[in-house]
Amino acid sequence: MIRVLLADDEHLIRGAIASLLSLEPDLTVVAQVGRGDEVAAAVAEHRPDVVVLDIEMPGLDGLSVAESMPGQAVVILTSFGRPGYLRRAMAAGVRGFVPKDAPAEELAAAVRKVHAGGRYLDPELAASAMMAGECPLTDRERDALSLAARGASVSEIAVSLRLTEGTVRNYLSNAIMKLGASNRITAIRAAQEMGWI
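The structure contained in this document is the topic of the report that follows. Keep in mind the model is a prediction, meaning the values are calculated, not measured.

### Digging into unusual backbone geometry
Thinking step 1. One non-glycine residue, Arg47, adopts positive backbone phi at about 50°.
Thinking step 2. Inspection of the secondary structure assignment puts Arg47 in the loop between helix H2 (39-46) and strand E3 (50-53).
Thinking step 3. Look at Arg47 and you get exposed, because its relative accessible area is 60%.
Thinking step 4. Phi at Arg162 is positive, roughly 60°, even though this residue is not glycine.
Thinking step 5. Assignment of secondary structure puts Arg162 in the loop between helix H8 (154-161) and helix H9 (165-178).
Thinking step 6. You can call Arg162 exposed: its relative accessible area is 76%.

### Brief notes about the side chain of Asp8
Thinking step 1. One can find Asp8 in the loop between strand E1 (2-7) and helix H1 (11-22).
Thinking step 2. Residue class for Asp8 comes out buried when judged on its relative accessible area of 3%.
Thinking step 3. For Asp8, the side chain forms a polar contact with the main-chain nitrogen of Glu10, separated by 2.8 Å.
Thinking step 4. In this structure, Asp8 is in contact with Ile13, Arg14, Val33, Gly34, Asp54, Met57 and Lys100, ignoring residues within four places of it in sequence.

Conventions we followed
- Residues numbered from 1 in each chain as written.
- Predicted model: local features only at pLDDT ≥ 70, side-chain atom pairs only at ≥ 80, totals over all residues.
- Heavy atoms only, no water.
- Helix = DSSP H or I, 4+ residues; strand = E, 2+ residues; numbered from the N terminus.
- Buried < 20%, exposed > 50% of the residue type's maximum accessible area, 1.4 Å probe, protein only.
- Polar contact = N/O pair within 3.5 Å; in protein donor to acceptor, adjacent residues only side chain to side chain.
- Contact = heavy atoms within 4.5 Å.

Dropping the structure here:
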């Protein structure tokens with residue numbers, strides 16, 4: 001029996017996925033959580049074989065959760081099929097990436113494959129990621145743009161990243177230029193659409 005932990009902040013979706021997976025003869029859902037910052041404690045308590053994570057959750061996003069659990073078999077289940085998310089997930093050691101609109105059988109197959117040590121990538125997501133190319137932003141440009149996306153001012157970003165305000169402005173200007181955007185807002189949107197922030 002493959003032990004599965006589900007983490008998704010949408011109660012209805014999480015419950016439906018748990019019910020569907022429980023219909024599979026070789027899968028059992030041992031725990032469900034609704035926040036990313038609840039996953040580590042649930043993993044420690046329930047010792048799942050595979051953790052299925054949504055990307056967008058309160059407390060801690062699914063990609064950060066995956067990055068914090070090296071060696072844990074993880075499948076990302078998301079409605080955000082953004083190329084940057086797929087690349088970041090793969091860099092974090094995630095072995096499965098399935099869109100939320102996939103059939104339940106596909107998720108079950110991904111869980112089985114990941115449990116067996118393999119990888120499962122939705123073909124359309126993989127193709128999109130390959131066509132999109134690499135993120136043109138440096139880590140610091142992404143950090144600054146990500147904080148700006150949350151509403152932080154230049155001075156707040158500077159304090160948070162321990163940089164001068166001039167350096168923050170330079171990072172934001174570089175990000176705007178690299179993304180072909182006309183201003184910070186359109187740069188944020190472009191980076192979010194690609195899953196880079």
